[in-house]
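Each chain, letter by letter, is given below.
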Amino acid sequence: LEVAASRNDLAVLYTELGRHAAAEQLFSQALETRQRLLGHKHPEVAVTLDGLAALRNRQHGLEGAEALLPEVVAIQRSVFDDTHPQVGQALHNLAGILVQQGKLEEAEELYREVLDKMPGVLGEEHRDEAMRRDEAHEAAVVVDHRRVE
């Protein structure tokens, strides 16, 4: 499992460096190992899928990421309570992709879900909470503006 973790971490670094082919190969290897050893519904599998989604977003655009992120959310929800930060982060990531695709009503619903459940976990003043509130507010404003048009 340490090898899978190292592959995943190196893949994240390669994604940031723009070495996408190498990152994809490492994510795939880490994913295969983690699924084989931990099962398909383990949080570490979700971490690798989330990294792969970020990579595919950079490589192939939003559809590449959107295809993987619902699985990340499902895994996190199957393992953790809905108030767990891992669930909130997965929902937040999916909402961000939906905003970029113009699917604002769906994104707003996810952002609101995060806001309803997460403040009690991290605290109202936590920087991640402030960021989530700002993004949810922006999505809601755009949705309201479109409804008026």
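Position numbers for residues count from 1 along each chain, tracking the sequence in the order it is written. Whole-chain, interface and lining totals are the exception, using all residues; otherwise, since this is a predicted model, local features are given only for residues with pLDDT of at least 70 and side-chain atom pairs are given and counted only at 80 or more. The basis for every side-chain value is the complete set of non-hydrogen atoms in the structure, without hydrogens or water.

**So, the confidence of the model for the protein**
You can read pLDDT as the predictor saying how much it trusts each residue, on a scale of 0 to 100. For the protein, per-residue confidence averages 85 on the pLDDT scale, and 79% of positions sit at 70 or higher. Secondary structure is summarised from DSSP: a helix means a run of H or I of at least four residues, a strand means a run of E of at least two, and numbering begins at the N terminus for each. Mean pLDDT in the protein bottoms out at helix H8 (residues 119-122), which sits at 56, and peaks at helix H2 (residues 20-38), which reaches 97.

**Focus: helix H3 (residues 43-60)**
The length a helix should cover is 1.5 Å for every residue beyond the first. Its 18 residues place the ends of H3 25 Å apart at the C-alpha level, agreeing with the 26 Å of an ideal helix rising 1.5 Å per residue. Along H3, the residues classified as buried are Pro43, Val45, Ala46, Thr48, Leu49, Gly51, Leu52, Ala53 and Leu55. Residue Gly61 follows H3 closely and has a positive phi angle near 90°. Any residue under 20% of the maximum accessible area for its type is buried, any over 50% is exposed, and the rest in between are partly exposed; the area is computed with a 1.4 Å probe on protein chains only.

**So, the pattern of salt bridges**
Think of a salt bridge as a Lys or Arg side-chain nitrogen and an Asp or Glu carboxyl oxygen that are within 4 Å of each other. Under the counting rule described, the total for this entry stands at eight salt bridges. Between Glu16 and Arg58 there is a salt bridge; the shortest N-O distance is 3.0 Å. With Glu16 in helix H1 (residues 2-17) and Arg58 in helix H3, this residue pair connects regions lying 42 residues apart in the sequence. In this structure Glu16 comes out as exposed when scored by relative accessible area, which is 54%. The closest approach of N and O atoms between Arg36 and Glu32, which form a salt bridge, is 3.0 Å.

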